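# Commentary on secondary and tertiary structure
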Amino acid sequence: MFPRFTLNLRIGFFLATRQIRRTSPWTTVLIISVMVLTFLNLVVVSGMLVGLVQGIGNATRKEYTSDIIISTLDNKKYIEESANITSLLGTIPEIDSLSRRYVEGAILEANYASRKENEKPNTANVQIFGIDPADEDAVTGLAAHIIDGSYLSSGDYDQIILGNHLLTQYILIEDPNLATLDNVGVGTKIRISVANTVREVTIKGIMESKVDLRSRNAFMIDTQFRNMIGRNDRNVDAIAVLLKKGADPVAVRDKLIRDGVTAFAKVQTYDDAQPKFVKDVVKTFNILGTVFGSIGIVVSSITIFIVIFINAITRRKFIGILKAIGIRGQAIEISYIFQSIFYAVIGSSLGLVLVYSSLVPFFLSHPIDFPFSDGILVAPPKETFIRMGLLVLSTVVAGFIPARMIVRKNTLNSILGRN
Amino acid sequence: MIETRNLTKTFKHGNIETHVLKGIDFRAESGEFIAIMGRSGAGKSTFLYQMSLLDVPTSGEIVIDGEHTHAMNQAKRARFRLFRCGYVFQDYALLPELSAIENVALPLLMQNLNKTKAFSRAYEALEKVGLGHRLENIPSNLSGGEQQRVSVARAFAHRPKILFADEPTANLDNESSALVMNIFRELHREGQTIIMVTHEEQYARMAGKIAKIDDGRIISVTNNG
Ligand SMILES: Nc1ncnc2c1ncn2[C@@H]1O[C@H](COP(=O)(O)OP(=O)(O)OP(=O)(O)O)[C@@H](O)[C@H]1O
Ligand SMILES: [Mg+2]
């Protein structure tokens, strides 16, 4: 049995190579294009879906939590021993920079000067971050997110930066649950009420963020803000930690946990801190991507089926002759399997090159600008190869079935073109 | 060494039965060259297909080389055709994407000869039919006569017990026909058993015997002078 199979393999390969070589270049290009497109459909569609969501995670990491976020314990008002934790962080070589943040809920009020007695005050609830402008910029690049006015500098008393979603003019669809400030812009004075203090400040700049939460935050300089909230011990509410390139957030987190930081604060990597809905959406989109991918596999299988079916049926006479002169049916079937493999492997290899040499780098440098995420193309090599394997496998089956159907037909009828 | 006993073939399409072969007893000895003649529709091709194991008769027996072929399964028949039979069809029946030498070598490769041996035998066969200079041409780059000679080379390259030919010259001009028939005569001289269907008297006379078929029966077998 086995030596005959290897012989059939040999003959099948012989026939396949001759047939591929003499197929018209247009047909070859067409079939391979279909395979390339199928491969892209398989890898890119789900990769974009996942990339879109991963973009949300990436944005949160870049613009909000940084690599590691140290935050107030649930039952505390702020991080005790902030100073000691800060000096501990100073001794860890993997750490690039920190931003120490004072965070407090506040109410913003605008248009109070022109408000009539019977009108409702124009207010919005907000979290104000008291930051060192240079540190925060080093960690989250906040300065680059200013879309109007300018960023804070260290002496900017009574100045505030507002996230754009606090301003009515930047909101596309109003959400009745989220109040916004009308008719305010850079230079407008607004009133803030925080921890029993009311103060009038000037809007210095407006910032935009892909992170929804962040775009409803406000920023003031830490030296003023901590006085406003009476944080005389200088304990902060959060510390965002940016690591050096290549450093492993999990390793640094674990070191901080070992050093006892968790007695005073929560220590999370960007991934730990990711909102649950993001994780859920990633899962969902992965499933969706697989569904689309499976449809792609079915479509490509049908395509290959049709291609091989037409090829085999137009060559039915020759298949008959082959059988007549004693070529085994299995060898002929194998010749079609080889051809299918050839097209699938060439097609998906081209797709592979396209994905990793062009598409992934392209979307990395030119992410698709969704309002909530910079969409990139996520194509983990392992999954890509599994999909490639699936594609080749399904192609083999799709090529084998029609070949077998035609090879099984009566030899003489095939030669004579009878049914 | 090939013998048919009371061979019949009936085609059935729905309720319509066509009795094409009506009990043929036929015998050819090893090394004989037999021409089968008869008018169109007499059943010559049908008879040849049964004898050459391309089709399965309705009843009767075919014994080739002492082997009772009706007991063979499909795989065995394919193997028998590969090793013991050679085929020449009216329309050459070459594989269009294989070169001349590949067409001839293919059955030899299927016989598990190694590549070198298969191709050198294929080359010898093509030399013999006068196409030693056309080895790499694909069929569409050969004339009809040349294609038929490639087909003949394929049919005898593996030294089959019997060479079956169904109107091998019907599509050819006189010159090409003569070339093909001279090859047949040469093969016959070397001891090749040949059974050939033909309409052409002059070529039938090159055979040792002429068997005439009419209406599904052999009506005469005559020796050529
Ligand atoms: N598959 C089939 N179904 C029904 N009838 C068939 C079939 N094959 C052949 N016949 C009939 O059998 C008869 C003999 O056919 P065959 O091809 O053997 O004739 P032939 O002697 O070779 O004729 P020709 O000289 O024209 O080639 C014809 O009447 C033909 O129509
Ligand atoms: Mg005929």
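Only a predicted model underlies this, so the values are computations on that prediction, with no experimental measurement involved. (Residues numbered from 1 in each chain as written. Chains lettered and ligands numbered in written order. Predicted model: local features only at pLDDT ≥ 70, side-chain atom pairs only at ≥ 80, totals over all residues. Heavy atoms only, no water.)

### Section: the interface of chain B and chain A
For an interface, size is often stated in terms of accessible area lost upon the parts coming together. To be explicit about the condition: By definition in these notes, contact holds between two residues if any of their heavy atoms fall within 4.5 Å. Reported buried area values correspond to the accessible surface (1.4 Å probe) lost by two parts on association, with both partners' losses combined. The salt bridge definition used is simple: a Lys or Arg side-chain nitrogen within 4 Å of an Asp or Glu carboxyl oxygen. For this analysis, a polar contact is any N or O atom pair within 3.5 Å, provided that within protein one partner can donate a hydrogen and the other can accept it, and provided that sequence-adjacent residues contribute only side-chain to side-chain pairs. Segments assigned H or I by DSSP are reported as helices when at least four residues long, segments assigned E as strands when at least two residues long, and all are numbered from the N terminus.
On the side of chain A, 23 residues touch chain B, which itself brings 29 residues to the contact. Taken over both partners, the interface formed by chain B and chain A buries close to 2500 Å², and the fraction arising from carbon and sulfur atoms is 67%. Seen at the junction of chain B and chain A, the total is three salt bridges. Taking the shortest distance from any N to any O, the salt bridge between A:R315 and B:E97 comes out at 2.5 Å. Counting the contacts that link chain B with chain A gives eight residue pairs in polar contact (both at pLDDT 80 or more). Of all the secondary structure elements, the ones that give two or more residues to the side of chain B that touches chain A are α2 (74–84), α3 (100–110) and α4 (115–128) of chain B.

### Quick notes on the site of ligand 1
All names here are of chain B. Convention followed: A molecule or strand has a residue near it when one of that residue's heavy atoms lies within 4 Å. Only the protein chains shown count as cover for residues, and the accessible areas themselves come from Shrake-Rupley with a 1.4 Å probe.
Around ligand 1, the structure places 14 residues, and the nearest of them are S40, G41, K44, S45 and T46. Within the side chain of S45, a nitrogen or oxygen atom sits 2.7 Å from an oxygen atom of ligand 1. Measuring from an oxygen atom of ligand 1, one finds a side-chain N or O atom of E167 at 3.4 Å. Compared with its free state, where it exposes 630 Å², ligand 1 has 69% of that area covered by protein.

### Side note on the side chain of A:R18
Along the chain, A:R18 turns up in helix α1 (residues 2–22). Within the structure, A:R18 has its side chain in polar contact with the side chain of B:E102 (distance 2.6 Å). Those residues in contact with A:R18, other than ones at most four positions away along the chain, are B:E97, B:L98, B:E102 and B:K115.

### Some remarks on the packing of helix α2 (residues 25–65) of chain A against helix α10 (residues 329–365) of chain A
Residue and element names in this part refer to chain A. Put simply, the rule reads: Axis definition: a line fitted to C-alpha atoms, limited for helices to the stretch in contact. Angles are taken between N-to-C directions and run from 0 to 180 degrees. Throughout, the term roughly parallel applies to angles under 35 degrees, roughly antiparallel to angles over 145, roughly perpendicular to angles from 65 to 115, and oblique to all others. Handedness of a crossing follows from how the near helix is turned relative to the far one, being left-handed for an anticlockwise turn of less than a right angle and right-handed for a clockwise one. In this count, Pro and Cys sit with the nonpolar residues alongside Ala, Val, Leu, Ile, Met, Phe, Trp and Tyr, while Asp, Glu, Lys and Arg are called charged and the others, Gly among them, polar.
Running from N to C, α2 and α10 cross one another at 45°; their axes reach a closest spacing of 8 Å. In this view, α2 runs oblique relative to α10, as classed from their interaxial angle. When you trace α2 past α10, the crossing you get is right-handed. In this structure, α2 contributes T28, I31, I32, M35, V36, F39, L40, V43, V44 and M48 to the contact, and α10 contributes Y343, A344, I346, G347, S348, L350, G351, L352, L354, V355, L359 and F363. A per-class count over the contact of α2 with α10 returns 18 nonpolar, four polar and no charged.

### Quick look at the pairing of strand β6 (residues 85–88) of chain B
Residues and elements named next belong to chain B. Under the convention used in this document: Throughout this description, buried means an accessible area under 20% of the type-specific maximum (1.4 Å probe, protein chains only), exposed means over 50%, and partly exposed covers the range between. Pairing between two strands is assigned when DSSP locates at least 2 bridges connecting them.
Side chains C85 and Y87 of β6 all project onto a buried face; the interleaved residues G86 and V88 project onto the opposite face, where all are buried too. Across four bridges, the pairing between β6 and strand β7 (residues 162–166) is parallel. Within the sheet, the bridge partner assigned to V88 lies in β7 and is A165.

### A short note on the UniProt feature "domain: MacB-like periplasmic core" (unreviewed entry) in chain A
For clarity, the cut-off: UniProt positions are given in the numbering used here, feature names are shortened, and annotations may be inferred rather than shown by experiment.
Cross-referencing UniProt, the feature "domain: MacB-like periplasmic core" (unreviewed entry) maps to residues 48–256 of chain A in the present numbering. Its end C-alpha atoms 35 Å apart, residues 48–256 of chain A is made of 24% helix and 33% strand.

### Some points on the nonpolar core
Under the convention used in this document: Think of a nonpolar core as a cluster: buried Ala, Val, Leu, Ile, Met, Phe, Trp, Tyr and Cys residues, connected wherever their side-chain atoms sit within 4.5 Å.
Judged by nonpolar contacts, the single largest core of 125 residues is most densely connected at B:L126, B:F184 and B:I195. With 41 residues, the next largest nonpolar core counts A:I79, A:Y102, A:L108 and A:I239 among its residues.

### A word on the packing of aromatic side chains
This is how the line gets drawn: Aromatic contacts are taken between Phe, Tyr and Trp rings whose centres are within 6.5 Å, Trp giving its six-membered ring; a plane angle under 30 degrees counts as stacked, one over 60 as edge-to-face, and the others as tilted.
Applying the stated criterion to the full structure yields ten aromatic pairs over all chains. On the basis of an interplanar angle of 45° and a centroid distance of 5.5 Å, the ring pair of A:F129 and A:F219 is categorised as tilted. Placement of the pair is A:F129 in strand β3 (residues 122–131) and A:F219 in strand β8 (residues 217–221), with a sequence separation of 90 residues. Among the residues examined, A:F129 registers a relative accessible area of 3% and is labelled buried. Seen in terms of ring centroids, B:F33 and B:F184 are 6.4 Å apart; in terms of plane orientation they differ by 55°. Their pairing is tilted. Residue B:F33 is located in strand β3 (residues 33–37), and its partner B:F184 is located in helix α6 (residues 174–189); the two are separated by 151 residues in the primary sequence. The exposure classification of B:F33 matches that of B:F184, with both residues buried.

### Remarks on the sheet that holds strand β1 (residues 2–13) of chain B
Residue and element names in this part refer to chain B. Strands sit in the order β2-β1-β4-β5 across an open sheet of four strands; the sheet is antiparallel. The two strands at the open ends of the sheet, each matched to only one other strand, are β2 (16–28) and β5 (67–68). Relative to β5, strand β4 (residues 59–64) runs antiparallel, the two being bridged by two bridges. Opposite V63, over in β5, you have H68 as the bridge partner. Set on the sheet, helix α1 (residues 44–51) makes contact with β1, β2 and β4; between it and β1 the angle comes to about 120°.

### Details of the domain arrangement of chain A
Residue and element names in this part refer to chain A. Basically, it comes down to this: How far each domain reaches was decided by an automatic or database domain assignment.
Domain boundaries assigned for chain A yield domain 1 (2–61 + 277–416) and domain 2 (67–269). Just the C-alpha atoms count here: the centres of domain 1 and domain 2 sit 51 Å apart. Each side of the interface is counted separately: domain 1 has nine residues, and domain 2 has four residues. Carbon and sulfur atoms make up 45% of the area that domain 1 and domain 2 hide from each other, which totals about 490 Å². In this structure, the connection of domain 1 to domain 2 is made through three salt bridges. Close ionic contact of D67 with R61 constitutes a salt bridge, the shortest N to O distance being 2.8 Å. The tally of links from domain 1 across to domain 2 stands at three residue pairs in polar contact (both at pLDDT 80 or more). Elements that contribute at least two residues to the side of domain 1 that touches domain 2 include exactly α2, β11 (368–370) and β12 (373–375). No other element matches α2, which puts three residues into the side of domain 1 that touches domain 2. A per-class count over the side of domain 1 that touches domain 2 returns four nonpolar, two polar and three charged.

### Things to note about the packing of helix α8 (residues 276–314) of chain A against α10(A)
Residues and elements named next belong to chain A. Between α8 and α10, the shortest axis-to-axis distance is 11 Å and the interhelical angle comes to 140°. Between α8 and α10, the angle is such that the two are oblique. As α8 runs across α10, the sense of the crossing is right-handed. The residues of α10 that touch α8, namely those facing I304, I308, N311 and A312, are Y336, Q339 and S340. Tallied by class, the residues present in the contact of α8 with α10 amount to four nonpolar, three polar and no charged.

### Overview of unusual backbone geometry
Residues and elements named next belong to chain B. Phi is positive for N6, which is not a glycine, with a value near 45°. By secondary structure assignment, the location of N6 is in strand β1. Residue N6 is classed as partly exposed on the basis of its relative accessible area of 48%.

### Overview of the UniProt feature "transmembrane region" (unreviewed entry) in chain A
All names here are of chain A. Sites flagged by UniProt as "transmembrane region" (unreviewed entry) map to residues 28–53, 287–313, 334–364 and 384–403. Between the C-alpha atoms that bound residues 287–313 the distance is 38 Å, and the span itself is 100% helix and 0% strand. In residues 334–364, the share of helix is 100% and the share of strand is 0%. The end C-alpha atoms are 42 Å apart.

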